[in-house]
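Structural overview
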Amino acid sequence: GEEDEQHNVSESTMDSGEKEDVESKEPTPESYVPEKPAELETYAPAKNNTKMLIEPQVSGFRIENGTVGYHDSGSGEDVCNGLIETSRDIPYYQCYFVGKPHSNYIVEDPQQGTVFISIANPEGSGKEELKKFGIIVRNEQGTFIHKLFSSRKAKKKIIQLYNLNPNTPWKEIKDPAFCDQLKTLETKELQVRHRYKFAILYAKEGQNQNEMFSNTDGSEDFHEFLNFIGETITLCGWTKYAGGLDTKTDTTGTESVYLQHLGMEIMFHVSTMIPVSESDEQQVDRKRHLGNDVVVLVFKEGNEPFSPTIIRSHFNSIFLVVQKYPTDDPDNTYYQLAIASREVIEPFPPVIPDCPVFKKNKAFRSFLISKMINAERKTH
């Protein structure tokens, strides 16, 4: 029933032994109020005159190109700033528990392992908002948010939901240092959730997989796109999120493309920026990074449609294919977009409009990044 509703906040397992610097900025619920998104601008003359970026029917893939029927089954989800599952981005403990009356328990269950439970004791006006998320349960599977059951029911309900031994004692921890540990744990969990690595693959007309992975440089259009999608950074000495790239000895190249978006960090694995091996036709080093990314953005040149089946990787599951669209507007650049996702992945927002040619602006970049983040969230 309704009482069993829960939100999984993080798949990351707990490891309270690790210590990491945590930003001291205190989050507030107001930080998560959606902004009004910028408007997407499409190129009207292109509506019935687009290229075929991806073959229209690819076995095992669902195609989204603005013309074939693509139904976003998740329209009832909590979409905020274009992103799905945003309830899992909020530091509930820091926003609603720290500095307010609540109880923390540790349960050492013989079957389920160690479980941390925080239950709010709301007073006055706080009661209403805490009805939705007054209980936090952390176990080895992750962090789960529950609405507040009455205090006499809460313990019984949690024992039922998590299959805990009813005879195992709940040890209440009143030490303020434990609150700090829970804050640190939550910040680290969200850090993992707020970091993404995406592949960018440059594809010339008619290339096979090995040829695409062997490209050492891209066209002017490709470089314009890289400058648009993020900031080119020097890897050596880079201290922010690196997405597995080498920041000490340049073995994965000297530069990469990085973006901060709505408090999230994104590192792009750009095929032409990772060193090419003259002796290795398979380009194993490049594939080690790009081949392990769930989401791949293919920047395509030429008229031949891209087929996702030519990329042989167990991990690459969603391909966003982007190509510059020729227009008679000398002052603006436009891009056409199509997407191929493995059929096992449910459709996800934002949905490509029926005119899939977009003006190069902040709104289109936001659309692309939201699509990539949502794609990855759908695969977990």
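Note that the structure is predicted; figures quoted are calculated from it, not measured.

Calculation rules
- Residues numbered from 1 in each chain as written.
- Predicted model: local features only at pLDDT ≥ 70, side-chain atom pairs only at ≥ 80, totals over all residues.
- Heavy atoms only, no water.
- Helix = DSSP H or I, 4+ residues; strand = E, 2+ residues; numbered from the N terminus.
- Buried < 20%, exposed > 50% of the residue type's maximum accessible area, 1.4 Å probe, protein only.
- Contact = heavy atoms within 4.5 Å.
- Areas by Shrake-Rupley, 256 points an atom, 1.4 Å probe, with all protein chains shown as cover.
- Axes fitted to C-alpha atoms, helices over the stretch in contact; angles between N-to-C directions.
- Parallel < 35°, antiparallel > 145°, perpendicular 65-115°, else oblique.
- Nonpolar A, V, L, I, M, F, W, Y, C, P; charged D, E, K, R; others polar.
- Polar contact = N/O pair within 3.5 Å; in protein donor to acceptor, adjacent residues only side chain to side chain.
- Salt bridge = Lys/Arg side-chain N within 4 Å of Asp/Glu carboxyl O.
- Core = buried A, V, L, I, M, F, W, Y, C linked by side-chain atoms within 4.5 Å.
- Phe/Tyr/Trp six-rings, centres within 6.5 Å; stacked < 30°, edge-to-face > 60°.
- Pairing = 2+ DSSP bridges.
- Expected span 1.5 Å × (residues − 1).
- pLDDT = per-residue confidence, 0-100.

What about the overall build of the protein?
Helix and strand content of the protein: 8 helices and 15 strands. Scored against the burial criterion, the 380 residues of the protein give a buried share of 51%. The long-range fraction of contacts in the protein, counting pairs at least 24 apart against all pairs at least 6 apart in sequence, stands at 67%. A total accessible area of about 19200 Å² is found for the protein, and carbon and sulfur atoms account for 48% of it.

Some points on the packing of helix H6 (residues 220-229) against helix H8 (residues 362-379)
Where H6 contacts H8, the two axes come as close as 10 Å, and the packing angle between them is 80°. Judged by the inter-axis angle, H6 sits roughly perpendicular to H8. Residues Phe225, Phe228 and Ile229 of H6 lie in contact with H8, whose contacting residues are Phe364, Arg365, Leu368 and Ile369. In terms of residue class, the contact of H6 with H8 is made up of 6 nonpolar, no polar and 1 charged.

Points about the side chain of Arg193
Within the fold, Arg193 resides in helix H4 (residues 176-193). Reaching out from Arg193, the side chain makes a polar contact with the backbone oxygen of Arg88 at a distance of 3.4 Å. For Arg193, the side chain forms a polar contact with the side chain of Asp89, separated by 2.9 Å.

What to know about the pattern of salt bridges
Counting across every chain of the model gives 15 salt bridges. For Glu64, the salt bridge goes to Lys371, with nearest N and O atoms at 2.9 Å. Highlighted residues: Glu64 in strand E2 (residues 61-64) and Lys371 in helix H8, separated in sequence by 307 residues. Both residues of the pair, Glu64 and Lys371, belong to the buried class. Arg195 is paired through a salt bridge with Glu265; the nearest N and O atoms lie 3.2 Å apart. Of the two residues, Arg195 sits in strand E8 (residues 195-203) while Glu265 sits in strand E11 (residues 264-270), which places them 70 residues apart along the sequence. Of the residues examined, Arg195 reaches a relative accessible area of 29% and is grouped as partly exposed. Its relative accessible area of 13% is what places Glu265 among the buried residues. One network of salt bridges, with partners in common, ties together Glu85, Arg88, Asp89, Arg193 and Arg377.

Examining unusual backbone geometry
The omega angle of the peptide bond from Pro349 to Pro350 is -10°, so this bond is cis rather than trans. Although it is not a glycine, Leu262 sits at a positive phi angle of roughly 50°. The topology assignment puts Leu262 in the loop between strand E10 (255-261) and E11.

Structural notes on the nonpolar core
With 39 residues, the main nonpolar core has Phe225, Phe268, Ile318, Leu320, Leu337 and Leu368 as its most contacted residues. The set of elements that each furnish at least two residues to this core consists of E8, H6, E10, E11, strand E12 (295-300), strand E13 (318-325), strand E14 (334-342) and H8. Tallying contributions element by element places H8 first for this core, with 7 residues. Counting 28 residues, the second-largest nonpolar core is a separate cluster that includes Ile63, Met212, Trp238 and Tyr258.

Digging into the packing of aromatic side chains
Considering all chains together, one arrives at 25 aromatic pairs under this definition. An aromatic cluster is defined as three or more aromatic residues linked by ring pairs; in this entry it consists of Tyr202, Phe222, Phe225, Phe228, Phe299, Tyr335, Phe358, Phe364 and Phe367.

So, the pairing of E8
In terms of burial, E8 is largely enclosed, as 7 of its 9 residues are buried. For E8 and E11, the ladder comprises 6 bridges, and the chain directions are parallel. Looking at E11, one finds that Tyr196 is bridged to Ile266. Two elements, E8 and E12, share 5 bridges in a ladder whose sense is parallel. Bridge pairing in E12 places Leu201 opposite Val298.

A look at H8
Compared with an ideal rise of 1.5 Å per residue, which puts 18 residues at 26 Å, H8 spans 26 Å between its outermost C-alpha atoms and is within 8% of the ideal. Burial analysis of H8 places 14 of its 18 residues in the buried class, which makes it a mostly covered element. Put simply, Asn361 is the residue that caps the front of H8, since its side-chain oxygen is 3.2 Å from the backbone nitrogen of Ala363.

Describing the confidence of the model for the protein
Confidence along the protein averages 87 in pLDDT terms, with 86% of residues attaining 70 or more. Within the model, the stretch residues 1-5 combines pLDDT values under 50 with 10 contacts to residues more than four positions away or in other chains.

A look at H4
Given a rise of 1.5 Å per residue, 18 residues ought to cover 26 Å, and the 26 Å separating the end C-alpha atoms of H4 matches this to within 8%. Restricting attention to buried positions, one finds in H4 the residues Phe178, Leu182, Leu185, Glu186, Thr187, Lys188, Glu189, Leu190 and Arg193.

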